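# Per-entry structural report
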Amino acid sequence: GGGGLGGVAAILLQQLEVGESEHPAHRAALLLHSEQRPGSLNVIASTLEAVGAVQRLKRGSLWHTSSSHPLACDAFAAFSSGHALLRSPHGTAAKTSAVPLKDAAGRTFGVLLSLAPALPDPFVQIMTRAAGPALERAWKRERAERLLQGACEWLGQLGRAQGVKLSASWRRDDEPAE
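## Some words on helix α3 (residues 70-81)
- In this model, α3 (twelve residues) spans 16 Å end to end at C-alpha, consistent with the 16 Å of a helix rising 1.5 Å per residue.
- Within α3, the full set of buried residues consists of Leu71, Ala72, Asp74, Ala75, Phe76, Ala78 and Phe79.
- Where α3 is buried, its residues meet β1 (28-33), β2 (40-46), β3 (62-64), β4 (97-102) and β5 (108-114).
- Remark: Gly82 follows α3 within two positions and exhibits a positive phi of approximately 75°.

## A closer look at the sheet that holds β2
- With antiparallel pairing, five strands are arranged side by side in an open sheet as β3-β2-β1-β5-β4. On the outer flanks of this sheet lie β3 and β4, each paired with one strand and no other. Across this sheet, the average inter-strand angle for adjacent strands is 30°, counted without regard to direction.
- Bridge analysis of β2 against β3 gives three bridges, and the strand direction is antiparallel.

## Regarding the packing of aromatic side chains
- Scanning the entire structure with this criterion turns up zero aromatic pairs.
- Lying over the aromatic face of Trp63, Arg56 brings its terminal NZ or CZ to 6.0 Å of the ring centre.

## Considerations on the environment of Gly132
- With respect to the secondary-structure elements, Gly132 resides in helix α4 (residues 121-161).
- Spatially, the C-alpha atom of Gly132 lies 18 Å from that of Thr47, the residues being 85 residues apart in sequence.
- Aside from chain neighbours lying at most four places away, what touches Gly132 is Leu101 and Phe109.

Scoring rules and cut-offs
Sequence positions are assigned chain by chain, starting from 1 and proceeding in written order. At least 70 in pLDDT is required for a residue's local features to be given in this predicted model, at least 80 for side-chain atom pairs to be given and counted, and no such filter applies to totals for whole chains, interfaces and linings, which use all residues. Remark: hydrogens and water are excluded; side-chain values derive from all non-hydrogen atoms of the structure. A helix here means a DSSP run of H or I that spans at least four residues, while a strand means a run of E at least two residues long, and both kinds are numbered starting from the N terminus. A helix is expected to span 1.5 Å for every residue after the first. When accessible area is computed with a 1.4 Å probe and restricted to protein chains, residues below 20% of their type maximum are described as buried, those above 50% as exposed, and intermediate ones as partly exposed. The contact criterion used throughout is that any non-hydrogen atoms of two residues lie within 4.5 Å. Two strands pair if DSSP finds at least two bridges between them. Every angle, taken between N-to-C directions, lies between 0 and 180 degrees, and every axis is a line fitted to C-alpha atoms, over only the stretch in contact when it is a helix. The rule is short: rings of Phe, Tyr and Trp, with Trp giving its six-membered ring, pair when the centres are within 6.5 Å, and they are stacked under 30 degrees, edge-to-face over 60, tilted in between. Counting as a charge over the ring demands two things of the Lys NZ or Arg CZ atom: a distance within 6 Å of the ring centre and an angle within 35 degrees of the ring normal.

Spelled out as structure tokens, the structure:
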């Protein structure tokens, strides 16, 4: 649904464009810490314009710390330090800004990239702070759902190994029962 991680991320990118209408076709992307690949960032959402300019901004792309691509270097610098790389104070700089997303405890869990020409840094920072809690909830919920799905699969395998039919399933409150 729209409340899932991809939906929340898409709304953030949409609102960046709405809030800065004099910057049409803005290039932006949201990357989050990858649970499956520690030390990597996963592209969760990006604008069509961003993907058109840089193919590695396609949803689902995995970025590694070893990448020498300038965008990856910026993303990992902001992610690992927890400090924003602000290069567009007035929204006119031909450079990219990178703003870390932090959880309630202050740990960085992702990065928002505002590609050149970047939106005004104060606006990007405000939007990132405003969307942060919703993104954090959606991110944690998705992680919990993967864990629950894995536990259900593991129980089925355990049952088969014991020669017993063992079945486990779960569903979210907002999903209809089968």
